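# Descriptive analysis of the structure
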Amino acid sequence: MTRLLAAGHRGLLVECDDLPQVMALHRTLEEARAGGALPGVVDLVPAARTVLVTFDDTSSHSRVAEALASLDVRAADHERPDHEVEVAVTYDGDDLDEVARLSGLSVEEVVRRHGAATYRVAFTGFAPGFAYLVGGDAALVVPRRGTPRTRVPRGSVALAGEFTGIYPQEGPGGWQLIGRTEAPLWDLDRQPPALLAPGTRVRFTRRDP
Amino acid sequence: MIEVLRAGPLTTLQDLGRPGLAHLGVGRSGAVDRPSLRLANRLVGNPEGAPALETTFGGLVLRFTEAATVAVTGAPAPLCVDGRAHAGCTPVTVRAGQVLELGMPTRGVRTYLALRGGVACELVLGSAATDLLSRLGPAPLRDGDTVELGRPAGPMPGVDHAAVAPLPDEVVLRAVPGPRADWFTDDSLTRLGRAAYEVTAASDRIGLRLEGPALTRGRTHELPSEGIVEGAVQVPPDGRPVIFLADHPVTGGYPVVAVVHPEDVPLAAQARPGQPLRFALQRPLL
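Computed from a predicted structure; not experimentally measured. (Residues numbered from 1 in each chain as written. Chains lettered and ligands numbered in written order. Predicted model: local features only at pLDDT ≥ 70, side-chain atom pairs only at ≥ 80, totals over all residues. Heavy atoms only, no water.)

Here we come to the overall build of chain B. A count of helical and extended segments in chain B gives 3 helices and 21 strands. Relative to a compact globule of 286 residues, whose C-alpha radius of gyration would be 19 Å, chain B shows 20 Å and is just as compact. Counting only C-alpha atoms and orienting by the principal axes, one finds that chain B spans roughly 60 × 40 × 35 Å. Evaluated residue by residue, chain B yields a buried proportion of 55% over its 286 residues. Sequence separation of at least 24 residues holds for 77% of the intrachain contacts in chain B that already meet a minimum separation of 6. Accessible surface, chain B as shown: approximately 11,500 Å² in total, 53% of it carbon and sulfur. The averaged location of the 29 negative side-chain charges in chain B is 2 Å from the averaged location of its 27 positive side-chain charges. (Helix = DSSP H or I, 4+ residues; strand = E, 2+ residues; numbered from the N terminus. Rg over C-alpha atoms; globule rule 2.2 N^0.38 Å. Buried < 20%, exposed > 50% of the residue type's maximum accessible area, 1.4 Å probe, protein only. Contact = heavy atoms within 4.5 Å. Areas by Shrake-Rupley, 256 points an atom, 1.4 Å probe, with all protein chains shown as cover. Lys, Arg positive; Asp, Glu negative; His and termini not counted. Charge placed at Lys NZ, Arg CZ, Asp CG, Glu CD.)

Attention shifts here to the overall build of chain A. Along chain A, the regular secondary structure elements total 4 helices and 13 strands. By principal-axis analysis of the C-alpha atoms, chain A measures approximately 55 × 35 × 35 Å. When the 209 residues of chain A are sorted by exposure, 55% land in the buried category. Across chain A, contacts joining residues at least 24 apart in sequence account for 61% of those joining residues at least 6 apart. Carbon together with sulfur atoms contributes 47% to the accessible area of chain A, which is approximately 9,400 Å² in total.

Attention now moves to the interface of chain A and chain B. By convention, interface size is frequently given as the accessible area that disappears when the constituent parts associate. Contact with chain A, which involves 40 residues of that partner, is made by 32 residues of chain B. Here chain A is connected to chain B by 2 salt bridges. With a shortest N-O distance of 3.7 Å, Asp182 of chain B and Arg3 of chain A are connected by a salt bridge. On the surface where chain A and chain B come into contact, there are 8 residue pairs in polar contact (both at pLDDT 80 or more). Sorting the residues of the side of chain A that touches chain B by element identifies strand E1 (3-6), strand E2 (11-15), helix H1 (19-34), strand E3 (41-46), strand E4 (50-55), strand E6 (118-125) and strand E7 (127-134) of chain A as the ones contributing at least two each. Sorting elements by how many residues they give to the side of chain A that touches chain B places E3 of chain A first, with 5 residues. Classifying every residue of the side of chain A that touches chain B by side-chain character gives 23 nonpolar, 10 polar and 7 charged. (Salt bridge = Lys/Arg side-chain N within 4 Å of Asp/Glu carboxyl O. Polar contact = N/O pair within 3.5 Å; in protein donor to acceptor, adjacent residues only side chain to side chain. Nonpolar A, V, L, I, M, F, W, Y, C, P; charged D, E, K, R; others polar.)

With that out of the way, let us pick up the domain arrangement of chain B. All names here are of chain B. When the domains of chain B are assigned, the result is domain 1 (2-147) and domain 2 (171-281). On a C-alpha basis, the centroid separation for the pair domain 1 and domain 2 is 27 Å. Residue-level contacts link 29 residues of domain 1 with 16 residues of domain 2. At the boundary of domain 1 with domain 2, total buried surface from both sides reaches about 1,600 Å², with 53% on carbon and sulfur atoms. Considering only the side of domain 1, the residues that lose the most area to domain 2 are Val32, Arg110 and Leu133, jointly responsible for 35% of the buried surface there. Between domain 1 and domain 2 we count 2 salt bridges in total. When the shortest N-O distance is used, the salt bridge between Arg34 and Glu230 registers 2.9 Å. Linking domain 1 with domain 2 are 14 residue pairs in polar contact (both at pLDDT 80 or more), by the criterion used here. Only helix H1 (34-43) and strand E10 (110-115) provide two or more residues apiece to the side of domain 1 that touches domain 2. (Domains from an automatic or database assignment. Buried area = accessible area lost by both parts, 1.4 Å probe.)

This part takes up the sheet that holds E2 of chain A. All names here are of chain A. Pairing is antiparallel in the open sheet, where 4 strands are placed in the order E1-E2-E4-E3. In this open sheet, the two strands that pair with only one neighbour each are E1 and E3. Across the sheet, the mean angle separating the axes of adjacent strands is 20 degrees when strand polarity is ignored. This element, H1, spans E2, E3 and E4 of the sheet and lies at about 160 degrees to E3. Strands E1, E2, E3 and E4 of the sheet are contacted by helix H2 (residues 61-69), whose axis makes an angle of about 35 degrees with E2. (Pairing = 2+ DSSP bridges. Axes fitted to C-alpha atoms, helices over the stretch in contact; angles between N-to-C directions.)

On to the nonpolar core, then. All names here are of chain B. Ranked by size, the top nonpolar core spans 41 residues in total, and within it Leu173, Leu208, Leu210, Ile243, Val257, Leu277 and Phe279 carry the most contacts. Elements represented by at least two residues in this core include exactly H1, E10, strand E13 (171-177), strand E14 (197-199), strand E15 (207-211), strand E20 (256-260), helix H3 (265-269) and strand E21 (276-281). Ranked by the residues each element gives to this core, the list is headed by H1, at 4 residues. With residues near it in sequence (within four places) discarded, Leu210 still touches Tyr197, Glu198, Val199, Thr200, Arg240, Pro241, Ile243, Leu277 and Phe279. (Core = buried A, V, L, I, M, F, W, Y, C linked by side-chain atoms within 4.5 Å.)

On to the state of the cysteines. Scanning the entire structure with this criterion turns up 0 disulfides over all chains. Cys89 of chain B supplies the cysteine sulfur nearest to Cys80 of chain B, a cysteine that is in no disulfide, at a spacing of 16 Å. (Disulfide = S-S within 2.5 Å.)

Moving on, we come to the side chain of Gln234 of chain B. Residue and element names in this part refer to chain B. Residue position: Gln234 is located in strand E17 (residues 232-234). Note on Gln234: relative accessible area 7%, which makes it buried. Polar side-chain contacts of Gln234 include one of 3.4 Å to the backbone oxygen of Tyr254. Apart from the residues lying within four places of it in its own chain, the contact partners of Gln234 are Ile228, Arg240, Pro241, Val242, Phe244, Gly252, Gly253, Tyr254, Pro255 and Val256.

Adjacent strands of a sheet pair through backbone hydrogen bonds, lying either parallel or antiparallel. Residues and elements named next belong to chain B. Reading across the sheet, the 5 strands line up as E2-E3-E10-E5-E8 and stay open at both edges, with antiparallel pairing between neighbours. Bordering the open sheet on either side are strand E2 (10-14) and strand E8 (92-94), each of which pairs with just one other strand. Neighbour-to-neighbour, the strand axes of the sheet open up by a mean angle of 30 degrees, direction not taken into account. Direction of pairing for strand E5 (residues 68-74) relative to E10: antiparallel, over a ladder of 5 bridges. From the neighbouring strand, Val72 faces E10, where its bridge partner is Leu113. The strands touched by H1 are E2, strand E3 (52-56), E5 and E10; relative to E5, the strand with the most contacts, the crossing angle is about 155 degrees.

Printed below as a string of structure tokens:
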């Protein structure tokens, strides 16, 4: 990790070099907390380059910083082989042609490459259960749409930058839609309610329309 | 049972929210002015985090079909039971058949009404809070809704009146720079500490939107989204700061120039549109 930044009196923002380091640090912190090593810590929020650690008034910046210094992040295995999810996708998204054009591939090749990769949930955000998945084919790195849609259907599988995301509920969005899934991404009666929590491995399987 | 005759501009059920779920994309939510919620519950002998009603600019009219003990805290608003005025910050007994009216607050925005026994409702992820950003928890109250009383969990407290500091004319919020103060020009930071801002009508449970001097970015490239804390002062492209409150997004892609002191967040939560607001910038914490 490179830098520790105060995010107010009850937060410490840990800046990492890259996304794999974020994922390793988040996993290590979760394990440390489960082992009781992070008393007073409320939330561990991984994002693209940072992990935010928030704490209550029984902890402090220096206590969290000390705990961080004592962690062996490198040794952490940030993959969870026991935690793999298969998501069946119908590849008929409205932006499939555009993604093919941007990547210089045929639609069939876009679909083949997207389904061939193994993904991991790097972090969540934007909406409950919305996961940012990494590990996709480098040829499928495409920009967001120039104009976001005001309505993206629930279950849409979409691309933006290095990420694949799935919209857990209907809402606005600017990602390139390549398909849809009926996987139960967000279920309040399940523990945890999010199907895709940070660290989860994901495989996409192709489903015919 | 309680019948909602008029729900007012926005009345929601709130407790202390859903801390600890941000990694799943779920924010804390809960009462924006937590000390006032806690006090209202203490006054009627509830656990501090029991679900209570959070009103926005009052306007709430309730008919009680059974007797209840209530307490009103937060933004001071006229409270009447069957037309008779009662004080805030003290337990009030309502008899079966009586109508309670909570008027427009004279100061502040959010008035809390706690009911002895709390409110019986289905919890979502352990909380009764309505999160207007994530659309979690019960919908805001509507005219004609009914509210079920919970069961008292403890004895009534010995105190019958709580003294609270009056809400100020000008809101002054202590704030510490960072985590992204270095993304702004030096004079922007100076401006943040000296400028007179005004709270705008676009403010809500997600954040307090301010009108006033714009802050200028020194670094103009895109910030990768990062975790956000309550009280964060985020600066969108127009340069006008937003102070994040209970229903704030879990992550955000605009830089956070400073964070309001946790003890001053309730003051921000009670700041009214048009009210002057200043930041008292403190030394960086790290």
